[in-house]
Amino acid sequence: DSGVTQTPKHLITATGQRVTLRCSPRSGDLSVYWYQQSLDQGLQFLIQYYNGEERAKGNILERFSAQQFPDLHSELNLSSLELGDSALYFCASSHESRRPRGGNEQFFGPGTRLTVL
Amino acid sequence: AQSVTQLGSHVSVSEGALVLLRCNYSSSVPPYLFWYVQYPNQGLQLLLKYTSAATLVKGINGFEAEFKKSETSFHLTKPSAHMSDAAEYFCAVSVFTGGGNKLTFGTGTQLKVEL
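Attention in this report is confined to the structure presented alongside it. Please read all numbers here as calculations on a predicted model, not as lab measurements.

## Side note on the overall build of chain A
Each helix and strand counted, chain A has zero helices and 11 strands in total. The N-to-C order of helical and strand elements in chain A reads β-β-β-β-β-β-β-β-β-β-β. Rg of the C-alpha trace for chain A: 14 Å, near the compact-globule value of 13 Å for 117 residues, within the 12% margin. Its C-alpha atoms give chain A principal-axis dimensions of about 40 × 25 × 25 Å.

## A closer look at the sheet that holds strand β3 (residues 19-24) of chain A
Residues and elements named next belong to chain A. Within the open sheet, the four strands sit side by side as β1-β3-β8-β7. Their pairing is antiparallel. In this open sheet, the two strands that pair with only one neighbour each are β1 (5-7) and β7 (64-68). Taken over all neighbouring pairs, the strand axes of this sheet differ in orientation by 15° on average, direction set aside. Bridging between β3 and strand β8 (residues 74-78) involves five bridges; their strand directions are antiparallel. Looking at the pairing, T20 lines up with N77 of β8.

## Things to note about the side chain of B:K78
Residues and elements named next belong to chain B. Mapping K78 onto the fold places it in strand β8 (residues 73-78). At 2.9 Å, the side chain of K78 forms a polar contact with the side chain of D85. Once residues lying within four places of it in the same chain are set aside, the contact partners of K78 are A17, L18, V19, N61, G62, F63 and D85.

## Some points on unusual backbone geometry
Excluding glycine, residues mostly carry a negative phi; peptide bonds, for their part, are mostly trans. Residues and elements named next belong to chain A. Between T7 and the following residue, P8, the backbone shows a cis peptide bond with an omega angle of -10°. You can see P8 is positioned in the loop between β1 and β2 (10-13). The phi torsion at L72 lies on the positive side, around 80°, for a residue other than glycine. You can see L72 is positioned in the loop between β7 and β8. A positive phi is found at S80, a non-glycine position, where the angle reads about 45°.

About the thresholds
Residues numbered from 1 in each chain as written. Chains lettered and ligands numbered in written order. Predicted model: local features only at pLDDT ≥ 70, side-chain atom pairs only at ≥ 80, totals over all residues. Heavy atoms only, no water. Helix = DSSP H or I, 4+ residues; strand = E, 2+ residues; numbered from the N terminus. Rg over C-alpha atoms; globule rule 2.2 N^0.38 Å. Pairing = 2+ DSSP bridges. Axes fitted to C-alpha atoms, helices over the stretch in contact; angles between N-to-C directions. Polar contact = N/O pair within 3.5 Å; in protein donor to acceptor, adjacent residues only side chain to side chain. Contact = heavy atoms within 4.5 Å.

As structure tokens, this is what we get:
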């Protein structure tokens, strides 16, 4: 158990719909990351938040958005869903200082499996 | 741009045999490198990481990896495979993007352990 929790575990929805995935980081971790794992794209970084602020952005679609709340939990919002959005979405957290540097290990949650029908 | 390449999408070994999973990196600066393992229907678990303190890194479950700058490699090894090692293994490089960190993953290697 990494200490990172994600809900829900599974989500089945239809094209065009909107869903929200939730993540709670490990106690004391200020950074939250979102990744997408799909068969054709592999594991891809989406976005990072640090203490409520966006820090880094990857290949995140405009239909997707995220935020980190004052209690440090994070939500990933996916809208206008398409079949190709079906994937495993992982949240990870790490302990980083105010002046970040590379190398901090990230601890992953169990993921949310999204199926778009 | 920093990246990693995993050679061999599938590796099969006999129980008790040496496990060798290959990872080569591309980086213009000293990299931070990681190996993660993913068991079926689970998240990623950190096996070990390299942060320039020592070239031979020991991780959990008997795995270790050696950083070789001359070969730009960070291969993962285990002297004796166990059935419970069957999983997918990912090599990753940490890319510091001026304010944020992200992991760039390889395509993964599925390890099969046979009796």
